[in-house]
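Listed here are the chains, written in short residue letters.
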Amino acid sequence: MTAQTSTTRLTVAQALVRFLAAQYTERDGVRQRLIGATWGIFGHGNVAGLGQALVEYGDEMPFHQGRNEQSMVHAAVGYARQSNRLSTHAVTTSIGPGATNLVTGAALATVNHIPVLLLPGDTFATRVADPVLQQLEVPYAGDVSVNDTLRPVSRYFDRVTRPEALVPAALQAMRVLTDPVETGAVTLALPQDVQAEAYDWPDEFFAERTWTVRRPAADPAELAEAVRAVRAARRPLIVAGGGVHHSRAEEALAEFADATGIPVASTQAGKGSLRHDHPQDVGGVGHTGTATADELARTADLVIGVGTRYTDFTTASHTLFAADGVRFLNLNIASYDGHKLAGLPLVADARSALMELTAALRTHGHRVADAYVSEYAEDKERWEQRVDACYEAEEPDTRPTQPQVLGALDALADESDVIINAAGSLPGDLHKLWRARSRDQYHLEYGYSCMGYEIPAAIGVKLAAPERNVWALVGDGTYLMMPTEIVTAVQEGIAIKILLVQNHGYASIGGLSESVGGERFGTAYRYTADDGTFTGAPLPVDLAANVASLGMRVLRARTVRELREALAEARRADTPTCVYVETETADTVSGPPPAQAWWDVPVAETATRPSAVKARELYERHVSTRRRHL
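Conventions adopted
- Residues numbered from 1 in each chain as written.
- Predicted model: local features only at pLDDT ≥ 70, side-chain atom pairs only at ≥ 80, totals over all residues.
- Heavy atoms only, no water.
- Salt bridge = Lys/Arg side-chain N within 4 Å of Asp/Glu carboxyl O.
- Helix = DSSP H or I, 4+ residues; strand = E, 2+ residues; numbered from the N terminus.
- Buried < 20%, exposed > 50% of the residue type's maximum accessible area, 1.4 Å probe, protein only.
- Pairing = 2+ DSSP bridges.
- Axes fitted to C-alpha atoms, helices over the stretch in contact; angles between N-to-C directions.
- Contact = heavy atoms within 4.5 Å.
- Lys, Arg positive; Asp, Glu negative; His and termini not counted.
- Patch = residues over 30% accessible without salt bridge, like charges linked within 9 Å, V, L, I, M, F, W, Y side chains within 5 Å.
- Areas by Shrake-Rupley, 256 points an atom, 1.4 Å probe, with all protein chains shown as cover.
- Phe/Tyr/Trp six-rings, centres within 6.5 Å; stacked < 30°, edge-to-face > 60°.
- Lys NZ or Arg CZ within 6 Å of the ring centre and 35° of its normal.

A. How the structure looks around the pattern of salt bridges. Summed over the entire model, instances satisfying the criterion amount to 37 salt bridges. Put simply, Arg437 and Asp410 hold a salt bridge, and the shortest N to O gap is 3.2 Å. With Arg437 in the loop between helix H17 (426-433) and strand E19 (442-444) and Asp410 in helix H16 (residues 402-412), this pair connects stretches of sequence that are 27 residues apart. Asp410 shares its class with Arg437; the two are buried. Taken together, the shared-partner salt bridges connect Arg248, Glu250, Arg439, Asp440 and Arg468 into one network.

Written as structure tokens, this is what we have:
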């Protein structure tokens, strides 16, 4: 530092808050703040540092008070996803349980490639007071703290042990947050003594800085190979993943599908890439997909993955794409994903590459055969009739099934509604049945499928899009995991809607348990029977009363008719509102269609109980159909 450099003396925490307030992103000429707000729960590890700094510079950095550290990360993820990953929130915690509570949220963010900034407090860098309250002592390493649990779930991790180290650490953190390939959870561990230490900072550190989010174009050789592969295919299928949404490539995908006639199936993250009524949209693909999409997948000779990671739900544990000689063309901004399944890589931004592909194929006048289009159009119509049957309630004064609950919401929703879900039996039903009306209506976190995500994520989405109707679809198992941020919604008047479905247990895992010979053991919320199993009467848990006790308005619905009325009333509400409904069991006539493709959950190789023996026989038949794409 030269004598001529202008400086400002601030604590490390104050300098960090001022730095974060001056960071921006820009893509396609649109500029916005990178860190829109900070969430926090204060303790001795951050109250005197970041807590004081947020008071000092409250006019520059909005603040939200959380109730659970994990849920604060979920709220930041919801905000970032709704903001197209161009803006996110920071999360600050104390040094002990507060820091370790971040781990699940960090893993979720990193798995889904969603940017969040984590600022956990840490033990003293000077170690003058070791061991401090909540410190984990590690006999073999003096520089380890509980914050190190965040290393494997962070895309970037640094511990700021000296004030001047903040400058390179903060800049690297912003680089990763704004990189469309590298982004995920970013952690800056902040020792509590360093947070409060003063330093003379160069004023350039606080100057506004704009981080350009890249749209890399396709390599010409890869593009030419991709064009040849598409032109040679007779039964191509597009698998649209979350990268379509991250890139805002929905219009480019629709133009590509219109021009070529190639059908578009979608992963959980990619659903809504095309509207449900687009001629080329054939619904979800994989274990929770539609019969239309999965049959196309089985017979496809070219699978064009756009922004997808090809998880086992999508590939049906490598049993779905079964045609002889099937090839993969992987359009992905990440080289790692572009080379999966021995595919032809097209490493580029989804929107840029789709536009290039469309232009190249139009030059050749390429389009799939009319017979292929007629085939999947007819199959899609048959599937829509199955959806109608699931949604229909012939007797509106009876208790609804879960698909009928979704049907009631489907009949009410328009393009402005956003539905949020992550775990339980709802994701499978939604992937098969929900009719997405806009690019961001369908918000499923299924990369980590984290119970408890829905309510805090809804708050984040509502903060990013206050004009939208935002619904958190929550089962009783998920609700009991993390209802705490209801208090935050009430406190700040964030008018989210919760649709709370009571089915007395872990319905999804119960069904899975039964299919693999586990006999639904430990999955029902019931009293203990005389034989020690949880098979007694349902527990008298009143979740609606619990929601009300946290300050949220609750509308109880006992029948399909009452549900429709309650949903309409909740949708009109300008305050946080919950609709509570108890459903019939999933095995009724109007239950959801069964899985259209397999999912590999290993079954006991040896067992004496008939259910497990039978399950193993079925398992071995499915395993025999698995293939490696080499």
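B. Structural view of the sheet that holds strand E23 (residues 577-582). Ordered by their spatial adjacency, six strands build an open sheet running E19-E18-E20-E21-E23-E22, and the pairing between neighbours is parallel. One side of each edge strand has no neighbouring strand; the edge strands of this open sheet are E19 and strand E22 (553-557). The average angle at which neighbouring strand axes cross in this sheet is 20°, direction not considered. By the bridge criterion, six bridges tie strand E21 (residues 497-502) to E23 in an arrangement that is parallel. What sits directly across from Leu499, in E23, is Val579. This element, H16, spans strand E18 (417-421), strand E20 (469-475), E21 and E23 of the sheet and lies at about 160° to E21. Its contacts with the sheet place helix H23 (residues 560-572) against E18, E20, E21, E22 and E23, and it is angled at close to 160° to E22.

C. Looking closely at the side chain of Glu69. As for its placement among the helices and strands, Glu69 is situated in helix H3 (residues 69-82). Lacking a salt bridge, the buried Glu69 has Arg67 as its closest oppositely charged neighbour, with an N-O distance of 11 Å.

D. Molecular detail of unusual backbone geometry. The peptide bond linking Asp130 to Pro131 adopts the cis configuration, its omega dihedral lying at -10°. Within the secondary structure layout, Pro131 lies in the loop between strand E7 (116-122) and strand E8 (156-159). The phi dihedral of Arg248 is positive, around 55°, even though this residue is not glycine. Looking at the element boundaries, Arg248 is found in the loop between helix H9 (242-246) and helix H10 (250-260).

E. Here's a closer look at the sheet that holds strand E16 (residues 327-332). Ordered in space as E14-E13-E12-E15-E16-E17, the six strands form an open sheet in which the pairing is parallel. Each end of this open sheet is capped by a strand with a single partner; those strands are strand E14 (281-284) and strand E17 (344-347). With strand direction ignored, the average angle separating the axes of adjacent strands in the sheet is 20°. Pairing of strand E15 (residues 302-306) with E16, which is carried by five bridges, proceeds in the parallel orientation. Looking at E16, one finds that Val303 is bridged to Phe328. Sheet strands touched by helix H8 (residues 220-232): E15, E16 and E17. Its angle to E17, the strand with the most contacts, is close to 130°.

F. How the structure looks around a nonpolar patch on the surface. Among the surface-exposed residues, Phe42, Val47 and Phe63 lie close enough to one another that they form a single nonpolar patch of about 240 Å² accessible area. Examined against the element boundaries, Val47 turns out to sit in helix H2 (residues 47-56). Judged by its relative accessible area of 43%, Val47 is partly exposed.

G. Structural detail: the pairing of E18. E18 sits mainly inside the fold: five of its five residues count as buried. With burial as the criterion, each face of E18 is covered, one bearing Asp417, Ile419 and Asn421 and the other bearing Val418 and Ile420. Note: E18 against E20, four bridges, orientation parallel. Residue pairing in the sheet places Ile419 in a bridge with Trp471 of E20. By the bridge criterion, three bridges tie E18 to E19 in an arrangement that is parallel. Its bridge partner being in E19, Ile420 is matched across the sheet by His443.

H. Spatial organisation of the environment of Val176. Relative to the helices and strands, Val176 resides in helix H6 (residues 166-177). Along the primary structure Val176 and Pro540 are separated by 364 residues, whereas in three dimensions their C-alpha atoms are 48 Å apart.

I. View of the packing of aromatic side chains. This structure, assessed with the given rule, holds twelve aromatic pairs. Aromatic pair Tyr506 and Tyr525: ring centres 5.1 Å apart, planes at 75°, arrangement edge-to-face. Taken together, the residues span a long stretch of sequence, with Tyr506 in the loop between E21 and helix H21 (507-515) and Tyr525 in the loop between H21 and helix H22 (543-549) at a distance of 19 residues. One aromatic cluster is present, built from ring pairs that chain together Phe19, Tyr199, Trp201, Phe205 and Phe206. Above the ring of Tyr24, the side-chain terminus of Arg31 is found at 3.8 Å from the ring centroid. Its end group placed over the ring of Tyr442, Lys271 keeps NZ or CZ at 5.5 Å from the ring centre.

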